[in-house]
Amino acid sequence: MKLLISASIISFVSSTKTGSDHPTLPTRWSAVTDEPSVGTGFEEYLFEDVPTPESPSAMWSKYPGCQRLIYIASNADAHRYLLGCEAVDCCVEVQSGNQVEFQIPNVSYSSGKSADVTYNRVNITNFGDKVEVDEWSWDFEVGGKVVQSFKASTVECDECVNGVR
Ligand SMILES: *[C@@H]1O[C@H](CO)[C@@H](O)[C@H](O)[C@H]1NC(C)=O
Ligand SMILES: *[C@@H]1O[C@H](CO)[C@@H](O)[C@H](O)[C@H]1NC(C)=O
């Protein structure tokens, strides 16, 4: 009886993750995406914290009828190129600052404080399939007040970069 209890405690401890076990997402990927109210598309992403002309922070978003390239070579050279979007053939818009960073967490404070990540195991629906995932959540605070909350869902994947999908 004693043996059985300690064995079950060990397996409970080793299978429970906490927020600090969150994975680091790759900064370069391509993916089929599901964008609410737009539909299924294909995106290619390269995130650079400090973009340079040699290695820009950039993202291609390709959806039926509309393609967009966000291209940030430097703060002074940051643009969005739109092809076939908003009922016009082309256009270029100025992009202010870097693109969205897809990272867990992606919030940083000048004080050096870091965002707390909370862990949950949940079922979600992904492309119509029910999947059990690791869910990581964190907040963005201004003056100690939560102004935005984020969630990211991941599954472990041995053959994927950083072991995560
Ligand atoms: C952090 O990620 C969320 C979810 O993808 C996004 O909405 C937000 O803009 C990101 N923040 C930054 C600073 O990139
Ligand atoms: C997810 O769904 C499966 C099948 O219904 C269930 O066995 C499992 O406990 C659920 N997981 C969570 C975290 O709710």
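Higher on the page you've got the structure.
What comes next is a walk through the structure. What you see is a predicted model; the values in this text were computed from it and never measured.

### Describing the site of ligand 2
Next, step 1: For ligand 2, the full set of nearby residues is R121, V122, N123, K130 and E132.
Next, step 2: The separation between an oxygen atom of ligand 2 and a polar side-chain atom of N123 is 2.5 Å.
Next, step 3: Here an oxygen atom of ligand 2 and a side-chain polar atom of K130 are 3.3 Å apart.
Next, step 4: About the coverage of ligand 2: the protein hides 39% of its 360 Å² of free accessible area.
Next, step 5: Within the residue set of the shell around ligand 2, elements represented by two or more residues are β7 (118–126) and β8 (129–142).
Next, step 6: Sorting elements by how many residues they give to the shell around ligand 2 places β7 first, with three residues.
Next, step 7: For the shell around ligand 2, the per-class residue count stands at one nonpolar, one polar and three charged.

### Some details on the sheet that holds strand β1 (residues 28–35)
Within a sheet, each strand pairs with its neighbour through backbone hydrogen bonds, oriented either parallel or antiparallel.
Next, step 1: Strands sit in the order β1-β2-β3-β4-β5-β6 across an open sheet of six strands; the sheet is antiparallel. Only two strands of the sheet have a single neighbouring strand rather than two, namely β1 and β6 (90–94). Averaged over all pairs of adjacent strands, the angle between their axes in this sheet comes to 15°, without regard to strand direction.
Next, step 2: Pairing geometry for strand β5 (residues 77–83) and β6, over five bridges, is antiparallel. Each residue of the ladder has a partner; that of Y81, found in β6, is V92.

### Looking at the environment of A58
Next, step 1: Positionally, A58 belongs in strand β3 (residues 57–63).
Next, step 2: The exposure class of A58 is buried, given its relative accessible area of 12%.
Next, step 3: Not counting the four nearest positions on each side in its chain, A58 is found in contact with E44, Y45, L46, I70, Y71 and Q99.

### Observations regarding the site of ligand 1
Next, step 1: Close to ligand 1 lie V100, E101, F102, N106 and F150.
Next, step 2: Contact between ligand 1 and E101: an oxygen atom at 2.8 Å from a main-chain N or O atom of the residue.
Next, step 3: Here N106 contributes a side-chain N or O atom positioned 2.2 Å from an oxygen atom of ligand 1.
Next, step 4: Contact with the protein chains hides 57% of the accessible area of ligand 1, taken as 360 Å² for the molecule alone.
Next, step 5: In the shell around ligand 1, the residues fall into three nonpolar, one polar and one charged.

Rules used throughout
Residues numbered from 1 in each chain as written. Chains lettered and ligands numbered in written order. Predicted model: local features only at pLDDT ≥ 70, side-chain atom pairs only at ≥ 80, totals over all residues. Heavy atoms only, no water. Near = heavy atom within 4 Å. Polar contact = N/O pair within 3.5 Å; in protein donor to acceptor, adjacent residues only side chain to side chain. Areas by Shrake-Rupley, 256 points an atom, 1.4 Å probe, with all protein chains shown as cover. Helix = DSSP H or I, 4+ residues; strand = E, 2+ residues; numbered from the N terminus. Nonpolar A, V, L, I, M, F, W, Y, C, P; charged D, E, K, R; others polar. Pairing = 2+ DSSP bridges. Axes fitted to C-alpha atoms, helices over the stretch in contact; angles between N-to-C directions. Buried < 20%, exposed > 50% of the residue type's maximum accessible area, 1.4 Å probe, protein only. Contact = heavy atoms within 4.5 Å.

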